[in-house]
Amino acid sequence: MSGTSGYAFDNTSELAGGRFDALETCYDPVTFARLADLGVGPGMRCLELGGGGGSVAGWLADRVGPTGSVLVTDLEPRWMDGLPGRANLRVVRHDIGAEELPEGDFDLIHARLVLLHVPERGAALDRLVRALRPGGLLVLDEFDCGWIPVLASPSPESAALFERMHDAVMGIITAAGADMRWGAHAYAALCRAGLTEVASATYAESWRGGSSGTRLHQVNIRQLAGRLVEKGLTQEQLDDCMRLLDDPGFAVNSYPLITTWGVRP
């Protein structure tokens, strides 16, 4: 994940690996299919922004082949140490919220769940557009966290507890500068940035208790536990919520992943 010092989660924590694993399990198939449909192929020069655990960067390197290249960036690149050596892949530490990129250099720039966390997202988006070559493609996978209804729960009280916990998590992340509706805002932002052929597609599914999706919520609770208690939740309530997220009788809608793309004229 790329971002700025305002990012709510500590990616130096060992818990960050659990978040990357959950996100990759839930969303890698969606991301890979979308990028393939958009024509990512041999010979392309790619930037993977906020590489996280490195799964998308590795897929891109395989996809573009020896005649292409992939530059993958992150604030904390150590989670990509396990990427197998590839002559066409390079990992660098970079903060898109504050640092420039090579201009006019990339055929494809992809970022998943990055700009929603960057307080300076407008400036970051402008940097990404400038880094595209004319005709280059920008693809953003972003959440719209405004619609994640509880689909089933052992009791109304359990559903209310999850909703209270989730509202508190969203409050902490928003206070750090995130836009938790950024997935829904990205289309207009790409148009304002001067891209053409702007389009979007949305993916969502149900997350049952004990699944990779509900594990994502559990990792977030663990990492933000101290601040959640400061916001009025008790440790007992957090423990109850952790158990609920393991209960197959509980189900919640996933975060809708909105993929938005556009072309630099």
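Residues numbered from 1 in each chain as written. Predicted model: local features only at pLDDT ≥ 70, side-chain atom pairs only at ≥ 80, totals over all residues. Heavy atoms only, no water.

## Some words on the overall build of the protein chain
Then step 1. Helix and strand counts for the protein chain come out as seven helices and ten strands.
Then step 2. Computed over the C-alpha atoms, the radius of gyration of the protein chain is 18 Å, within 12% of the 18 Å expected from 2.2 N^0.38 for a compact globule of 265 residues.
Then step 3. The dimensions of the protein chain, computed from C-alpha atoms along their principal axes, are 55 × 40 × 30 Å.
Then step 4. The buried share of the protein chain, reckoned over its 265 residues, is 57%.
Then step 5. Taking the intrachain contacts of the protein chain between residues at least 6 apart in sequence as the baseline, contacts between residues at least 24 apart amount to 78%.
Then step 6. Total accessible area on the protein chain is roughly 10600 Å²; 51% of this is exposed by carbon and sulfur atoms. (Helix = DSSP H or I, 4+ residues; strand = E, 2+ residues; numbered from the N terminus. Rg over C-alpha atoms; globule rule 2.2 N^0.38 Å. Buried < 20%, exposed > 50% of the residue type's maximum accessible area, 1.4 Å probe, protein only. Contact = heavy atoms within 4.5 Å. Areas by Shrake-Rupley, 256 points an atom, 1.4 Å probe, with all protein chains shown as cover.)

## Some words on the packing of helix 6 (residues 212–230) against helix 7 (residues 235–244)
Then step 1. Where helix 6 meets helix 7, the closest approach of the two axes is 10 Å, and the angle between their N-to-C directions is 170°. Overall, the two elements helix 6 and helix 7 adopt an arrangement that is roughly antiparallel. Where helix 6 abuts helix 7, its residues Gln218, Ile221, Arg222, Ala225, Leu228 and Val229 lie against Gln235, Leu238, Cys241 and Met242.
Then step 2. Its residues assigned to classes, the contact of helix 6 with helix 7 shows seven nonpolar, two polar and one charged. (Axes fitted to C-alpha atoms, helices over the stretch in contact; angles between N-to-C directions. Parallel < 35°, antiparallel > 145°, perpendicular 65-115°, else oblique. Nonpolar A, V, L, I, M, F, W, Y, C, P; charged D, E, K, R; others polar.)

## Looking at the confidence of the model for the protein chain
Then step 1. With 94% of its residues at a pLDDT of 70 or more, the protein chain shows a mean pLDDT of 93.
Then step 2. When the criterion is pLDDT under 50, residues 1–5 qualifies, and its contacts beyond four places in sequence or with other chains add up to 31 contacts. (pLDDT = per-residue confidence, 0-100.)

## Digging into the environment of Pro156
Then step 1. Mapped onto the elements of the fold, Pro156 is located in helix 4 (residues 156–175).
Then step 2. The class of Pro156 is exposed, set by a relative accessible area of 64%.
Then step 3. Considered as a pair, Pro156 and Gly232 are 76 residues apart in the sequence and their alpha carbons are 20 Å apart.

## So, helix 5 (residues 182–192)
Then step 1. Of all the positions in helix 5, only Trp182, Gly183, Ala186, Ala189 and Leu190 are classed as buried. The arc enclosing the buried residues of helix 5, seen along the axis, measures out at 95°, which places them on a common side.
Then step 2. Looking at the buried side of helix 5, the elements it contacts are helix 3 (121–131), strand 5 (132–143), strand 7 (196–203) and strand 10 (257–263).
Then step 3. Backbone geometry just downstream of helix 5 places Gly194 in the positive-phi region, at approximately 95°. (Arc of directions from axis to C-beta.)

## Description of the sheet that holds strand 6 (residues 150–152)
Then step 1. What the three strands build is an open sheet, ordered 6-9-8; its pairing is antiparallel. Lying at the two open borders of the sheet, with one neighbouring strand each, are strand 6 and strand 8 (206–208). Mean inter-strand twist for the sheet, computed between neighbouring axes without regard to direction, equals 30°.
Then step 2. Alignment of strand 8 against strand 9 (residues 251–253), held across three bridges, turns out to be antiparallel. Of the residues in strand 9, the one forming a bridge with Arg208 is Ala251.
Then step 3. Against the sheet, helix 6 contacts strand 8 and strand 9, and its axis sits at roughly 75° relative to strand 8. (Pairing = 2+ DSSP bridges.)

## A short note on the pattern of salt bridges
Then step 1. One pass over the structure, following the stated rule, counts eleven salt bridges.
Then step 2. Of the charged contacts in the structure, one is a salt bridge between Arg45 and Asp105, with a shortest N-O distance of 2.9 Å. Taken together, the residues Arg45 in strand 1 (residues 45–49) and Asp105 in the loop between strand 3 (89–93) and strand 4 (106–112) connect sequence positions 60 residues apart.
Then step 3. Overall, Arg45 belongs to the partly exposed group, its relative accessible area being 36%.
Then step 4. Connected via shared salt-bridge partners are Glu100, Glu103, Arg127 and Arg130. (Salt bridge = Lys/Arg side-chain N within 4 Å of Asp/Glu carboxyl O.)

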